[in-house]
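This is what each chain is made of:
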Amino acid sequence: MSRGGGKGLSLKDKLDGNEMDLSLCDLNEVPVRELAAFPKATVLDLSCNNLISLPSDFCSLMHLVKLDLSKNRLQQLPLDFGRLVNLQHLDLLNNRLVTLPVSFAQLKNLKWLDLKDNPLDPVLAKVAGDCLDEKQCKQAAVKVLQHMKAIQSEQDRQRQRKLQAEREMEKKREAEQRAKEAQERELRKREKAEEKERRRREYDAQKAAKQEMEKKTKKETVQTRKPASSSRPPQPPRHKPSWSRSVLRVLLFMLFCILCTLAACKLTELQRQPLCISVNTLYQDVVAALQNHKTLQNMLQHNSQQ
């Protein structure tokens, strides 16, 4: 492997205790896989090389405590640079950085930071300030971390607002969908009711037409039968029995019963019975009254003749 790629380079020769010195090696690529084999190398010096960017797997070197990337040509740091949570000392002097990734706020153990000689965003440059001595570099680490945390919080709030807006939009779409479905159900229900009513009217009309047809047929049948019935000879009217005949029959029946009773009380052994005695007495009184009435009538007739 060429020297520019870091291949052919013996990392063991560059290791001194816990320090890995790869400065001035004309590197344009970081040998991350080879560095990962030395987890005890907590101090890594990559200054004075030709690095334009760091590979995405560079942030897997989470054992790093001190990192020197000064005097390279770095234009940006990996988005997940904040994974280097054990990092305490970071030197980014004289690169081409404009901004820092938001994950930078996760470097909670960072105590020292140098961002001089980078074309930083004016706001970030003002926050970082100078790093001319130990105190200023420590202040730069604290202020930049606070600044990046504020940006991260604002982005989180924006993300939450966006998420909330998306949820509200989704709820609105669901509500509209439910309203549309309810409207469609109501429309189908109304159409079904109208269809049912139409069929009922048709049924009623058919039934009425059938009844009218049956009535017409029956009328025609009656008219057809009338001449045949008129050809029959007229029958004499039947006289209904009057009520006087019924009364007469009742009186005759009662008279017959009285005569039968008198005959029984006069001619049979029943004449000694109390009932027959009463009947015989009543009979004698009636006969006597009739005789008196006849005698009176004769007297009146005789007087009128005189």
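Residues numbered from 1 in each chain as written. Predicted model: local features only at pLDDT ≥ 70, side-chain atom pairs only at ≥ 80, totals over all residues. Heavy atoms only, no water.

Peer 1: What exactly am I supposed to notice about the packing of aromatic side chains here?
Peer 2: Aromatic ring pairs are reported here in terms of the distance separating the ring centres and the angle at which the planes meet. Following the criterion strictly, the structure yields one aromatic pair and no others. Relative to Phe104, the ring of Phe81 has its centre 6.1 Å away and its plane inclined at 5°; by these criteria the two rings are stacked. One end of the pair, Phe81, is in the loop between strand 4 (66-68) and strand 5 (89-91); the other, Phe104, is in the loop between strand 5 and strand 6 (112-114), with 23 residues separating them in the sequence. The burial state of Phe81 is the same as that of Phe104; both residues are buried. (Phe/Tyr/Trp six-rings, centres within 6.5 Å; stacked < 30°, edge-to-face > 60°. Helix = DSSP H or I, 4+ residues; strand = E, 2+ residues; numbered from the N terminus. Buried < 20%, exposed > 50% of the residue type's maximum accessible area, 1.4 Å probe, protein only.)

Peer 1: What is the right way to look at the sheet that holds strand 5 in this model?
Peer 2: Strands pair in a sheet through their backbones, by hydrogen bonds, and they do so in one of two ways: parallel or antiparallel. Strand order in the open sheet formed by six strands is 1-2-3-4-5-6, with mixed pairing between adjacent strands. Where the open sheet ends on each side, the last strands, each with one partner, are strand 1 (15-16) and strand 6. Alignment of strand 3 (residues 43-45) against strand 4, held across three bridges, turns out to be parallel. Residue pairing for strand 4: Val43 is matched across the bridge by Lys66. (Pairing = 2+ DSSP bridges.)

Peer 1: Would you take a moment to explain the state of the cysteines for this structure?
Peer 2: What makes a disulfide is a covalent bond joining the sulfur atoms belonging to two cysteines. Overall, the coordinates contain one disulfide when judged by the stated rule. With its sulfur 1.4 Å from that of its partner, Cys131 forms a disulfide with Cys137. One quick way to see it: the torsion about the S-S bond of Cys131 and Cys137 is about 100°, and its sign makes the bridge right-handed. On the basis of relative accessible area, Cys137 is assigned to the buried category, the value being 2%. Left without a disulfide partner, Cys260 is nearest to the cysteine sulfur of Cys257, which lies 6.5 Å away. The exposure class of Cys260 is partly exposed, given its relative accessible area of 36%. (Disulfide = S-S within 2.5 Å.)

Peer 1: What am I meant to see in a nonpolar patch on the surface here?
Peer 2: A cluster of nonpolar side chains, namely Trp243, Val247, Val250, Leu251, Phe253 and Met254, defines an oily patch on the protein surface of about 670 Å² accessible area. Of the residues examined, Val247 reaches a relative accessible area of 40% and is grouped as partly exposed. (Patch = residues over 30% accessible without salt bridge, like charges linked within 9 Å, V, L, I, M, F, W, Y side chains within 5 Å. Areas by Shrake-Rupley, 256 points an atom, 1.4 Å probe, with all protein chains shown as cover. Salt bridge = Lys/Arg side-chain N within 4 Å of Asp/Glu carboxyl O.)

Peer 1: I'm lost on the pattern of salt bridges in this one. Help?
Peer 2: Should their charged atoms come close, side chains of opposite charge can pair. All told, the structure shown has ten salt bridges when counted by the stated rule. Arg198 is the salt-bridge partner of Glu202, the closest N and O atoms lying 2.5 Å from each other. With a gap of four residues between them, Glu202 and Arg198 both fall in helix 4 (residues 134-230), about one helical turn apart.

Peer 1: Hey, could you run me through the side chain of Asp68 in this one?
Peer 2: Tracing the chain through its elements places Asp68 in strand 4. Summary of buried charges: Asp68 has no salt-bridge partner, and the nearest side chain of opposite charge, Lys66, is 7.0 Å away. Once you skip the residues sitting within four places of it in the chain, Asp68 turns out to touch Leu44, Asp45, Leu46, Ser47 and Asp91. (Lys, Arg positive; Asp, Glu negative; His and termini not counted. Contact = heavy atoms within 4.5 Å.)

Peer 1: Whenever I open this one, the nonpolar core confuses me. Can you help?
Peer 2: What tends to happen in soluble globular proteins is that the nonpolar side chains get buried as a cluster. One finds Phe58, Phe81, Phe104 and Val144 to be the most contacted residues of the largest nonpolar core, which totals 43 residues. The leading source of residues in this core is helix 4, at four residues. Among residues more than four places away in sequence, those in contact with Phe104 are Phe81, Leu90, Leu110, Leu113, Val144, Leu145 and Met148. (Core = buried A, V, L, I, M, F, W, Y, C linked by side-chain atoms within 4.5 Å.)

Peer 1: Please explain empty space enclosed by the protein as it appears in this structure.
Peer 2: Rolled over the atoms, a probe sized like a water molecule indicates the empty space that remains. Under the counting rule described, the total for this entry stands at one cavity of 30 Å³ or more. Volume-wise, the largest cavity comes out at about 50 Å³. Considering the residues around the largest cavity, the lining is formed by Met20, Leu35, Phe38, Ala41, Leu44, Leu61, His63 and Leu64. A class-by-class count of the residues in the lining of the largest cavity yields seven nonpolar, one polar and no charged. (1 Å grid on protein atoms, 1.4 Å probe; cavity = no way out; pocket = protein on both sides within 12 Å on 5 of 7 lines; lining within 4 Å. Points joined across faces, edges and corners; volume = space filled by probe spheres on them. Nonpolar A, V, L, I, M, F, W, Y, C, P; charged D, E, K, R; others polar.)

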